Amino acid sequence: MDGLRRGEDVTITEGKGKDKGDTKVVDSSGDRVDHYVRSSVKNAFAKVIENENAKCEAAEVKEEASEALLHLAKETEDLALKERESFSPILKKWHPIAASVAAVTLHQCYGVVLKHYLAGTATLTNEMVGVLQRAAKLEKVLVQMVVEDSADCDDGGKSIVREMVPYEVDSIILRLLRQWIEERLKTWMEYLNRAKESETWNPKSKTEPYALSVVELIKLAKEAVDDFFQIPIGITEDLVHDLADALENLFHEYTSFVASCGTKQSYIPILPPLTRCNRDSKFLKLWKRASPCSVGGVEMLPIGVNEGHHPRPSTSRGTQRLYIRLNTLHYLLSHLHSLDKTLALSPKIATSTRHRFGNGRRKRANSSSYFDFAQSAILSACQHVSEVAAYRLIFLDSNSVFYESLYVYDVANSRVRPALRTLKQNLTLLAAIVTDRAQALAVKEVMKASYEAYLMVLLAGGCSRVFYRSDHEMIVEDFESLKRVFCLCGEGLVPEDVVDREAETVEGVITLMGECTEQLMEDFSIATCETSGIGVVVAGQKLPMPPTTGRWNRSDPNTILRVLCYRNDRAANQFLKRTFQLAKRR
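Because the structure is predicted, anything quoted here is derived from the model rather than measured.

Caption draft 1: A look at the overall build of the protein chain. When you go through the protein chain residue by residue, the secondary structure sums to 19 helices and four strands. Of all 586 residues assigned to the protein chain, the portion counted as buried reaches 48%. Across the protein chain, contacts joining residues at least 24 apart in sequence account for 80% of those joining residues at least 6 apart. Accessible area for the protein chain stands at about 29800 Å²; split by element, carbon and sulfur atoms hold 51% of it.

Caption draft 2: Representation of unusual backbone geometry. Of note, Y409 is a non-glycine position whose phi angle comes to about 70°, a positive value. For Q581, which is not glycine, the phi dihedral falls at a positive 55°. Checked against the element boundaries, Q581 lands in the segment after helix 19 (570–580).

Caption draft 3: Region of the structure containing the pattern of salt bridges. For the structure on display, the rule yields 15 salt bridges. What emerges from the salt-bridge pattern is a single network uniting E480, K483, D500 and E507.

Caption draft 4: Summary view of the nonpolar core. Counting residues in hydrophobic clusters, the biggest one holds 167 residues, and the most contacted among them are Y110, F228, F251, Y254, F371, Y454 and L458. In this structure F228 touches L177, W180, I181, I235, L239, V240 and L243, once residues within four positions along its chain are discounted.

Caption draft 5: Spatial organisation of the packing of helix 14 (residues 436–459) against helix 15 (residues 472–488). Where helix 14 meets helix 15, the axes come as close as 10 Å, and the angle between the chain directions of the two elements is 165°. With respect to each other, helix 14 and helix 15 are oriented roughly antiparallel. The hand of the helix 14/helix 15 crossing is right-handed. Two secondary-structure elements touch here, helix 14 through V443, V446, M447, S450, Y451, Y454 and L458 and helix 15 through I475, D478, F479, L482, K483 and F486. Residues belonging to the contact of helix 14 with helix 15 are distributed by class as follows: 10 nonpolar, one polar and two charged.

Conventions we followed
- Residues numbered from 1 in each chain as written.
- Predicted model: local features only at pLDDT ≥ 70, side-chain atom pairs only at ≥ 80, totals over all residues.
- Heavy atoms only, no water.
- Helix = DSSP H or I, 4+ residues; strand = E, 2+ residues; numbered from the N terminus.
- Buried < 20%, exposed > 50% of the residue type's maximum accessible area, 1.4 Å probe, protein only.
- Contact = heavy atoms within 4.5 Å.
- Areas by Shrake-Rupley, 256 points an atom, 1.4 Å probe, with all protein chains shown as cover.
- Salt bridge = Lys/Arg side-chain N within 4 Å of Asp/Glu carboxyl O.
- Core = buried A, V, L, I, M, F, W, Y, C linked by side-chain atoms within 4.5 Å.
- Axes fitted to C-alpha atoms, helices over the stretch in contact; angles between N-to-C directions.
- Parallel < 35°, antiparallel > 145°, perpendicular 65-115°, else oblique.
- Left-handed = near helix turned anticlockwise from the far one by under 90°.
- Nonpolar A, V, L, I, M, F, W, Y, C, P; charged D, E, K, R; others polar.

What is shown is where atoms sit, not what they do.
Structure, rendered in structure tokens:
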């Protein structure tokens, strides 16, 4: 065939070939012609590479290699057409599918170069996509050439087509795209790990009260989404899910990082031993002598409480940093909606694949988001961080004016007003730091923590607190004042019905404190029998000590028992001594 290309005369005879001067006589047997066709095509392909100076392994820049592959694909296609039009018709007399053999050989030659090119590239680029798409076009031309040339064969050309190992361009692009997504996720996680080591939870600025790390993280995510849709291929719904899943893994990881701020239990005081009230306490008598009453409407405050007329907020730096965590979560949540919209509405998604969900895909036809799980995790984290911040604020930052001071030694001289002044200042600071969308939840959790602290003052206040039945009215007034703080806070951040609903447990306990001791003892006996399964107590039978669950309510026997323990009268003391041998306080 080299001779044919040079335009020389070639004699083709039957039987074995032999030399006759400068002219080569070719054996017309099918195998020999097949060999000559393949060898000739390979030589021609090698010359194309040499002439174009486009050996991919010698290219130093990816763009150069890509450009070379594009040129090579065009030259290969031209060579195939030339074979079919100029040489194959001549050889068809001795080899019925000579054009098919040429096409298959060229397909194999280009495939080797393409494979080598792909092995030398680490990430998917637009240039690579162009090469793969051009390779797919070349493959289509060569396959069509084989089909047309083999139409008259006994097997329809199936045997020769089997020699064409498909380039599988779609599979290669899919694999490289998923590899691209994995590499992006790896980059994100590396950034996140660096953030975990250096994050201080200081605000980005006064006007941007959230962590810098979340800003950078969202920037990385948006850049990835933009780059993803810039890749010049038809993006399928499955590929969008792959990207969304990678992003969701990142958001889950970051959310867990932000929410890793401890638990509210670490701020709740340890419950003091349960003992019965001692009305003859020498310390109590000394206290009463030192502050016998309130004179001229001026409150006598416990030792150590010095709030002044203009109390400053007691919110610690640690609590303020929790507010920044909360803002950070809401910043992430708001941008999650934006990313979700970009993924869902992109015109680059192939229309035929929209709303077609593969097995195991989390997004369902009735779901409006690619990030349902991430959103749920963020909302849960917001709840957790708000709760921890609230309990830190009330039980740590405000401890000196609340749990340590309220009703200490005497209800009348240690009312709730000082604690409310500080609480209002703290809520004002909270509103100044916490973003608008997060304020309602944050204030609600402060309210719940305040109610919890109030209950602990009444039921687990230690040996410095005693209550008379006559204190009931003052306690009712104080708790109503506490509720009003939250009803008026931030123009209804917490709806009044929510304030009332959350207050029901505290009000139930306060109601117990207004009952006579005999009624409390009866309530306690009935509740203990019901919860322990005793039924009716017979004469001489002792009641079991109810366990402390911390879930206070007026029907809980342990709650009623605690009201009795803090009740300062003879009947309560006798009942507790007779029933449980509880010691007096010292």
